[in-house]
Amino acid sequence: MIRVVLPAHLRTLAHVESEVQLEVDGLVTQRSVLDALEARYPMLRGAIRDHVTQQRRPFLRFFACEQDLSHEPPDGPLPEAVASGAEPFFIIGAIAGG
């Protein structure tokens, strides 16, 4: 069971509280986690990744095990702690302003 923590605006869009738990078949990667998340919560399609390019939206970041994974390859394996469910995969909304 993979644990995913969403930022407040995506939790509101998906109508969920705190973290989401997902089943991911095969290798646990950013792509497989996001595919499972969007399959379960179709209203999130396009909010995390671009519809066409599947690239991460500019104001979102991905973190796991205190590491920024935002620029890692989407098909690279996530840390074992995430794959085992011991640690969550975080999707963080960037904070901007002046």
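Higher on the page you've got the structure.
Residues numbered from 1 in each chain as written. Predicted model: local features only at pLDDT ≥ 70, side-chain atom pairs only at ≥ 80, totals over all residues. Heavy atoms only, no water.

## Focus on the packing of aromatic side chains
Next up, step 1: Scanning the model with the defined rule gives one aromatic pair in all.
Next up, step 2: Residues Phe 62 and Phe 89 carry aromatic rings whose centres are separated by 5.5 Å and whose planes lie at 40 degrees to one another, so their mutual orientation is tilted. Of the two residues, Phe 62 sits in strand β3 (residues 60-64) while Phe 89 sits in strand β5 (residues 89-93), which places them 27 residues apart along the sequence. (Phe/Tyr/Trp six-rings, centres within 6.5 Å; stacked < 30°, edge-to-face > 60°. Helix = DSSP H or I, 4+ residues; strand = E, 2+ residues; numbered from the N terminus.)

## Digging into unusual backbone geometry
Next up, step 1: The phi dihedral of His 15 falls on the positive side, at around 60 degrees, and the residue is not glycine.
Next up, step 2: In this structure, His 15 sits in the loop between α1 (8-14) and β2 (19-22).
Next up, step 3: Not every positive phi belongs to a glycine, and Gln 54 is a case in point at roughly 65 degrees.
Next up, step 4: Tracing the chain through its elements places Gln 54 in the loop between α2 (30-40) and β3.

## Some thoughts on the pairing of β2
Next up, step 1: Every second residue of β2 is oriented toward a common face, the buried set being Val 20 and Leu 22 and the non-buried set Glu 19 and Gln 21.
Next up, step 2: With four bridges joining them, strand β1 (residues 2-5) and β2 adopt antiparallel strand pairing. Bridge assignment links Val 5 to a residue of β2, and that residue is Glu 19. (Buried < 20%, exposed > 50% of the residue type's maximum accessible area, 1.4 Å probe, protein only. Pairing = 2+ DSSP bridges.)

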